[in-house]
Amino acid sequence: MNTKFKLENLIRTNLKTLTPYSSARDEFSGTSSVFLDANENPFDNGVNRYPDPQQWELKERLSEIKNISAKQMILGNGSDEIIDLLMRAFCQPCEDKVIFCKPSYGMYKVAAQINDLRIAELELDANFQPNVEMILRDNDSKLLFLCSPNNPTGNLIDKKILIRLLSEFKGVIVLDEAYIDFSSDASMVTELNMYPNLVILQTLSKAWGMAGIRLGIGLASVEIIEVLNKIKPPYNVNTLTQNKAIELLSCEETYQEKIDILLVERNSMLNELRGLSFVKKVFPSQANFILVRVENANKLYDFLIKGGIVIRNRTTVALLENCLRISIGTPAENQQLLEVLKKFQNQ
Ligand SMILES: *Cc1c(COP(=O)(O)O)cnc(C)c1O
């Protein structure tokens, strides 16, 4: 039980008294057939009506899949929107501080900078684990961002470390599980109700294959979700996104089949990469990408570009000198990559 965490002390003062925007659809509940309340165009073309601001049908579907109440869910225009909402809910610009680790997902820092927040960026240790003592010594941060499996390193955060932080950190812990469906650990969703300071981020962009519709998922206590709902743009998830998500979420078998293929591909790519002479280190991966350290990252990156293949060069990132991040593609794409890598080796 975390005795230091008090939600009331973290919410921005100006939001405690805020009356949120009330849309036409918010003010009416029940059934009706004539809607003359929102200045919409009445002629049906499939998208002439405003979307459900709370996306209940989609949340109910996600609630079955993730086994958590729809009331503990907020959906956003990608996880990126939810990251921004969290910062705006809890952090006063120029005053409040957030912690994140490096190397990790770049959006935490950008969102913090846009919101003009103070930043504590703590380096991960040699095993890419967060430094618990250093984090807990920080007494005035409102938010801590953790990413597991971590992008771009591909490893999980040690469960013991997570539990210790959840039990002792004073602020809200945002655990980004964008890649959890590719990992051997289960999501922390099942333990959400034990930790009132935990916000879990998931997304339809990766394992579900819906990066194009922009649908991010935040999971937390009802109290935290209420704060975020109060400040979100009323129609932040559009009708096309809601409908497409409901449609594709019904294909759970296809989803699992694709994950299985990607995991087989990941293992064979790990082995293939280890066999290349210019590869110094292949980091183990719990995600749908692999981090590799090579002799000369810039040289290899340019060679691949000329061969028509784009990967992510991370050589300028702290701790990641000469490292490249490679997403797992289709079996054919991975073969194509290997051919170009072998050409590079033999040149
Ligand atoms: C890809 C990714 C996301 C997904 O962001 P969306 O805005 O939902 O597409 C979130 N977190 C991490 C660490 C990622 O790598």
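Predicted model, so just to flag it, every value in this text is computed and none were measured.

1. A few points about the site of the ligand
Around the ligand, 13 residues are found, and the nearest of them are D176, Y179, S205, K206 and R214. Note that an oxygen atom of the ligand is positioned 3.3 Å from one of the backbone N or O atoms of D80. Between the ligand and R214, the relevant distance is 2.6 Å, taken from an oxygen atom to a side-chain nitrogen or oxygen of the residue. Its free accessible area being 390 Å², the ligand has 94% of it covered by the protein chains. Among the residues making up the shell around the ligand, the classes are represented as four nonpolar, five polar and four charged.

2. Describing the packing of aromatic side chains
For the structure on display, the rule yields nine aromatic pairs. Geometrically, the ring pair formed by Y105 and Y108 is edge-to-face, given 5.4 Å between the ring centres and 80° between the ring planes. The buried category is assigned to Y108, whose relative accessible area is 0%. With a centroid separation of 3.8 Å and an interplanar angle of 10°, the aromatic rings of W208 and Y255 are classed as stacked. Of this pair, W208 sits in the loop between β6 (198-203) and β7 (216-219) while Y255 sits in helix α11 (residues 252-274); the two residues are 47 residues apart in sequence, bridging distant segments of the chain. The rings of F100, Y105, Y108 and F145 are connected pair by pair, giving a single aromatic cluster. Sitting above the plane of the W56 ring, K59 keeps its charged end 4.8 Å from the centroid. Here the guanidinium or amino end of R325 rests over the ring plane of F289, the centre of that ring lying 5.7 Å away.

3. Here's the deal with helix α6 (residues 107-114)
Because each turn of an α-helix spans 3.6 residues, side chains separated by three or four positions end up pointing in the same direction. Those residues of α6 that sit buried are Y108, A111 and A112. End-on view of α6: buried residues confined to an arc of 100°, all on one side of the axis. Summarising the contacts, the buried residues of α6 are in contact with α5 (79-90), β2 (97-102), β3 (118-123), β4 (141-147) and β5 (172-176). D116 sits one or two residues past α6 and shows a positive phi near 55°.

4. Considering the nonpolar core
Generally speaking, a soluble globular protein has its nonpolar side chains buried in company with each other. Core analysis: the largest hydrophobic core is formed by 52 residues, its most contacted members being L146 and L204. The greatest single-element share of this core, amounting to four residues, is contributed by helix α8 (residues 159-168). A domain-level breakdown of this core finds at least three residues from each of domain 1 (7-250) and domain 2 (253-346). Excluding residues that lie within four positions of it along the chain, L204 makes contacts with L62, G209, M210, A211, I213, L215, I217, A245 and L249.

5. With respect to the pattern of salt bridges
Per the stated rule, a full pass over the model turns up 15 salt bridges. Here the salt bridges do not stand alone but share partners, grouping K97, R118, D138 and D140 into one network.

6. Comments concerning the side chain of S148
Its location among the elements puts S148 in the loop between β4 and α8. When its relative accessible area of 6% is taken as the criterion, S148 is described as buried. Among the polar contacts listed, one links the side chain of S148 to the backbone nitrogen of I157, at a separation of 2.9 Å. When sequence neighbours within four positions are dropped, the list of residues in contact with S148 reads L156, I157, L175, D176, E177 and I180.

7. Observations regarding α5
With 12 residues, α5 should cover 16 Å at 1.5 Å per step; its first-to-last C-alpha distance of 17 Å lies within 8% of that length. Counting buried residues along α5, nine of its 12 residues qualify, which places the element largely inside the surrounding structure. Taken together, the buried positions of α5 are occupied by S79, E81, I82, I83, L85, L86, M87, A89 and F90.

8. Here's the deal with the sheet that holds β2
Judged by pairing direction, the sheet is mixed, and its seven strands sit side by side in the order β1-β7-β6-β5-β4-β2-β3 without closing on themselves. The open sheet has two free edges, formed respectively by β1 (73-76) and β3, since each of these has just one partner strand. Along the sheet, successive strands turn relative to each other by an average axial angle of 20°, direction set aside. In this structure, β4 lies alongside β5, joined through five bridges in parallel fashion. Residue pairing across strands places L143 opposite V172, the latter belonging to β5. Packing against the sheet, helix α4 (residues 56-66) makes contact with β1, β6 and β7, and its axis sits at approximately 120° to β1.

Conventions and cut-offs
- Here the residue index of a chain counts from 1 through its sequence in written order.
- Where totals are concerned, whole chains, interfaces and linings use all residues; where local detail is concerned, this predicted model gives features only for residues with pLDDT of at least 70, and gives and counts side-chain atom pairs only at 80 or more.
- The basis for every side-chain value is the complete set of non-hydrogen atoms in the structure, without hydrogens or water.
- A molecule or strand has a residue near it when one of that residue's heavy atoms lies within 4 Å.
- Polar contacts, as counted here, are pairs of nitrogen or oxygen atoms within 3.5 Å of one another; within protein the pair requires one atom able to donate a hydrogen and one able to accept it, and residues that are adjacent in sequence qualify only if both atoms are side-chain atoms.
- With residues, only the protein chains shown are counted as cover, and all accessible areas are computed by Shrake-Rupley using a 1.4 Å probe.
- Under the grouping applied here, Gly and all other residues not named as nonpolar or charged are polar, the nonpolar ones being Ala, Val, Leu, Ile, Met, Phe, Trp, Tyr, Cys and Pro and the charged ones Asp, Glu, Lys and Arg.
- When two rings of Phe, Tyr or Trp (its six-membered ring) have centres within 6.5 Å they constitute a pair, described as stacked for plane angles under 30 degrees, edge-to-face for angles over 60, and tilted for the intermediate range.
- The rule is simple: take the accessible area with a 1.4 Å probe, protein chains only, and divide by the maximum for that residue type; under 20% is buried, over 50% is exposed, in between is partly exposed.
- Working definition: helices are DSSP H or I runs of at least four residues, strands are E runs of at least two. Numbering for both runs from the N terminus.
- By the criterion adopted, a ring carries a charge over it if an Arg CZ or a Lys NZ lies within 6 Å of its centre and within 35 degrees of its normal.
- Note: the arc covers the axis-to-C-beta directions of the helix.
- By definition, residues are in contact when any of their heavy atoms lie within 4.5 Å.
- Within this scheme, the nonpolar core is defined by two criteria: the residues are buried Ala, Val, Leu, Ile, Met, Phe, Trp, Tyr or Cys, and they are joined through side-chain atoms within 4.5 Å.
- Residue ranges assigned to each domain were obtained from an automatic or database domain assignment.
- Between Lys or Arg on one side and Asp or Glu on the other, a salt bridge is scored when a side-chain nitrogen of the former is within 4 Å of a carboxyl oxygen of the latter.
- A helix's residues, less one, multiplied by 1.5 Å, set its expected span.
- Whether two strands pair comes down to DSSP finding at least two bridges between them.
- Here an axis means a line fitted to C-alpha atoms, over the contact stretch when the element is a helix, while the angle between two N-to-C directions is reported on a 0 to 180 degree scale.

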